[in-house]
Amino acid sequence: MTQPGTMTAMTQQMQDCVDACMNCHSVCEETMSSCMQMGGQAQMQIMRALMDCSETTRMCADMMMRRSPMSPDMCAMCAKACDMCADACMAMPDDPQMMRCAEACRRCAETCRAMAGAKM
């Protein structure tokens, strides 16, 4: 039995999700930098998806680390943002950075979907 006000230990599933979120956040930030160097109006949709994904993954990891009761809802939203970002990145299949980002987003979405259904 845990004392009131104490946190339970982070499960391996939670840690894997936090790690995937932080990795995805980092890769999205790197990809945004790459997009800015490329320029072009066509990149705006991709940039929006990257920004949404970057912020959502960071917030999701933060909420899981502090054991927020809203974490499952945030994980569901994060999975959606990651899926949208991966789809946007797939619009540039010849760009290795975009493919790296799509892969990180897919992995994060997978772990977030699992956490969305888990009890915290």
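All residue numbers here refer to positions counted from 1 along the written sequence of the relevant chain. Restriction of local features to residues with pLDDT of at least 70 applies here, the model being predicted, together with a cutoff of 80 or more for giving and counting side-chain atom pairs; totals for whole chains, interfaces and linings are based on all residues. Side-chain numbers come from the whole structure's heavy atoms, not from hydrogens or water.

As annotated in an unreviewed UniProt entry, the protein carries the name Four-helix bundle copper-binding protein and comes from Streptomyces griseochromogenes.

Visitor: What's the story with the side chain of Ser54 in this structure? I'm lost.
Guide: Counting from the N terminus, the helices are DSSP H or I runs at least four residues long and the strands are E runs at least two residues long. Take Ser54: it is sitting in helix α2 (residues 43-65). Contact criterion: two residues are considered in contact whenever any of their non-hydrogen atoms come within 4.5 Å of each other. When sequence neighbours within four positions are dropped, the list of residues in contact with Ser54 reads His25, Cys28, Glu29 and Met32.

Visitor: So what exactly am I meant to see when it comes to the packing of helix α1 (residues 12-38) against α2 here?
Guide: Between two packed helices, the angle of one axis relative to the other and the distance separating the axes together describe the packing. The geometry of α1 relative to α2 is characterised by a closest axis approach of 8 Å and an angle of 155° between their N-to-C directions. Our classification of the angle between α1 and α2 gives roughly antiparallel. Here the hand of the crossing between α1 and α2 comes out left-handed. Looking at side-chain class alone, the contact of α1 with α2 contains 20 nonpolar, five polar and two charged residues. Under this scheme, a helix contributes an axis fitted over its contacting stretch, all axes are lines through C-alpha atoms, and angles between N-to-C directions fall in the 0 to 180 degree range. Throughout, the term roughly parallel applies to angles under 35 degrees, roughly antiparallel to angles over 145, roughly perpendicular to angles from 65 to 115, and oblique to all others. Handedness of a crossing is defined here by the sense of rotation of the near helix relative to the far one, left-handed for an anticlockwise turn of less than a right angle and right-handed for a clockwise turn. Polarity classes work like this: nonpolar for Ala, Val, Leu, Ile, Met, Phe, Trp, Tyr, Cys and Pro, charged for Asp, Glu, Lys and Arg, and polar for all others, with Gly in that last group.

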